[in-house]
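# Understanding the architecture of this molecule
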There are 2 protein chains.
Amino acid sequence: MTAPACRACRGEWPAADAFIADCGPAKAYLHEDQFFAGWTVLVLKRHVTELYDLDPHERGALMDVVSEVARALAAVYAAVKMNYALLGNQLPHIHWHVIPRAADDPIPREPVWTHAHAPRALSPAEQRTRIDALRVRLGR
Amino acid sequence: MTAPACRACRGEWPAADAFIADCGPAKAYLHEDQFFAGWTVLVLKRHVTELYDLDPHERGALMDVVSEVARALAAVYAAVKMNYALLGNQLPHIHWHVIPRAADDPIPREPVWTHAHAPRALSPAEQRTRIDALRVRLGR
């Protein structure tokens, strides 16, 4: 996939109203499915597919903001554990899934993807509240 | 969980015969289930739970070896895409899952965890062959 065909590069995904913050080499958005509350995606600003295609400096900067966002999510959502995944099977443009796992998680020992469920979309007001809380925590 | 109770710290997991290579801050092993061929785990040598508990230098060094191993796996297994995940829901000691996704993957667009299957254990000879190929590629 080249950048012109990429939904992330074209600005078609994620939705603009899910935007949380500009985080250096990436932008953070709330994931469209909030069944696992706080699920966030961090999308690299430029089109790169694999982690090993980044030079160490850029990769380090990306992982620093992944960690910063994970720490904020863990605090805001009182996570028992954070999960981090870079898959890109459907959209091969580097984006990190950063997922708080809560104390009342329905499958605490398993990856979120094993749990079939109806996606949960937030109301605009609820989305706004969550994004504001994360921005405060991130200081952005 | 403290280090004395941790199966990784006690050397109970992963199995010693799955060892691929010493990679600086981590050690690489073939995952016990090779249904998705080449699935590798990179286990941090010291007991840390979250990515944000590493200082940036150590985190960068870890991600450099995750990337190095991913590049080797992509070559040896002719991967269409690499997947990377740090979950730790069952064992909260940093270990990266690095998973090649093959051209004949049964669920090319989905995370591996969505695909129920009988785990595939390798014969000792087959495991040896795969580990040797990875060591050659890694130059270790």
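Each remark here, short or long, concerns the structure printed above.
Note that the structure is a prediction, hence the values are computed from the model and not measured.

## Describing the relation of the copies chain A and chain B
- Note on the identical chains: chain A maps onto chain B by a rotation of 180° and an axial translation of 0.0 Å, with an RMSD of 0.0 Å. Considering both components of the superposition, the chain copies are consistent with a two-fold axis. For chain A, the residue whose C-alpha comes nearest the rotation axis is alanine 85 of chain A, separated from it by 2.1 Å.
- Most of the interface of chain A is mirrored in chain B: 100% of its interface residues are interface residues there too.

## Observations regarding the sheet that holds strand S3 (residues 40-44) of chain B
- Spatially, the ten strands line up as an open sheet ordered S1(A)-S2(A)-S3(A)-S5(A)-S4(A)-S4(B)-S5(B)-S3(B)-S2(B)-S1(B), and their pairing is antiparallel. Edge strands, defined here as strands with exactly one partner in the open sheet, are strand S1 (19-23) of chain A together with strand S1 (19-23) of chain B. Within this sheet the neighbouring strands show an average axis-to-axis angle of 20°, counted without direction.
- Relative to S3 of chain B, strand S2 (residues 26-30) of chain B runs antiparallel, the two sharing five bridges. Paired with lysine 27 of chain B across the bridge in S3 of chain B is valine 43 of chain B.
- Strand contacts of helix H1 (residues 56-76) of chain A: S1, strand S2 (26-30), strand S3 (40-44), strand S4 (81-86) and strand S5 (95-101) of chain A, with the helix running at about 25° to S5 of chain A, the strand carrying the most contacts.
- Those strands touched by helix H1 (residues 56-76) of chain B are S1, S2, S3, strand S4 (81-86) and strand S5 (95-101) of chain B, and its axis lies near 25° from that of S5 of chain B.

## Points about helix H2 (residues 124-138) of chain B
- In a regular helix each residue adds 1.5 Å, so 15 residues correspond to 21 Å; H2 of chain B covers 21 Å between its end C-alpha atoms and thus fits that length.
- Phi turns positive, to about 65°, at glycine 139 of chain B, one or two residues after H2 of chain B.

## Things to note about the interface of chain A and chain B
- Facing 30 residues of chain A, the contacting portion of chain B comprises 30 residues.
- At the level of elements, H1 and S4 of chain A are the ones that each hand at least two residues to the side of chain A that touches chain B.
- Per element, the largest residue contribution to the side of chain A that touches chain B is nine residues, and it comes from H1 of chain A.
- Bridge count for S4 of chain A against S4 of chain B is three bridges, and the pairing is antiparallel. In the sheet register, alanine 85 of chain A faces S4 of chain B, and the bridge partner there is alanine 85 of chain B.

## Here's the deal with the environment of arginine 7 of chain A
Residue and element names in this part refer to chain A.
- Looking at where arginine 7 falls in the secondary structure, it is placed in the segment before S1.
- Assessed through the 13 C-beta atoms surrounding it within 10 Å, arginine 7 is described here as partly exposed.
- In the structure, arginine 7 is positioned 85 residues away from proline 92 in sequence and 9.7 Å away in space, judged by C-alpha atoms.
- In this structure arginine 7 touches Glu12, Trp13 and Leu91, once residues within four positions along its chain are discounted.

## Re the environment of phenylalanine 35 of chain B
Residue and element names in this part refer to chain B.
- Tracing the backbone shows phenylalanine 35 in the loop between S2 and S3.
- Looking at phenylalanine 35, the number of C-beta atoms within 10 Å reads 14, which means it is partly exposed.
- Sequence separation between phenylalanine 35 and alanine 16 is 19 residues; the distance between their C-alpha atoms is 20 Å.
- Setting aside chain neighbours within four positions, we find phenylalanine 35 in contact with His117, Pro119 and Arg120.

## Overview of unusual backbone geometry
Residues and elements named next belong to chain A.
- Residue proline 14 follows tryptophan 13 across a cis peptide bond; omega there is -10°.
- Structurally, proline 14 can be placed in the segment before S1.
- Look at alanine 78: it is not a glycine, yet its phi comes out positive at around 50°.
- Structurally, alanine 78 can be placed in the loop between H1 and S4.
- The class of alanine 78 is exposed, set by 11 C-beta atoms lying within 10 Å.

## Looking at the pairing of S5 of chain A
Residue and element names in this part refer to chain A.
- Burial analysis of S5 places seven of its seven residues in the buried class, the great majority of the element.
- Covered by surrounding structure in S5 are His95, His97, Ile99 and Arg101 together with Trp96, Val98 and Pro100, the residues of both alternating faces.
- Pairing geometry for S3 and S5, over four bridges, is antiparallel. When the bridges of S5 are listed, valine 41 appears paired with histidine 97.
- Of the strand pairs in this sheet, S4 and S5 are connected by six bridges, and their pairing is antiparallel. Counted as the bridge partner of alanine 85 is histidine 97 from S5.

Reading guide: rules and limits
Residues numbered from 1 in each chain as written. Chains lettered and ligands numbered in written order. Predicted model: local features only at pLDDT ≥ 70, side-chain atom pairs only at ≥ 80, totals over all residues. Least-squares fit on C-alpha atoms with pLDDT ≥ 70 in both. Contact = placed C-beta atoms within 7 Å. Pairing = 2+ DSSP bridges. Helix = DSSP H or I, 4+ residues; strand = E, 2+ residues; numbered from the N terminus. Axes fitted to C-alpha atoms, helices over the stretch in contact; angles between N-to-C directions. Expected span 1.5 Å × (residues − 1). Buried ≥ 20, exposed ≤ 12 C-beta atoms within 10 Å, placed from the backbone.

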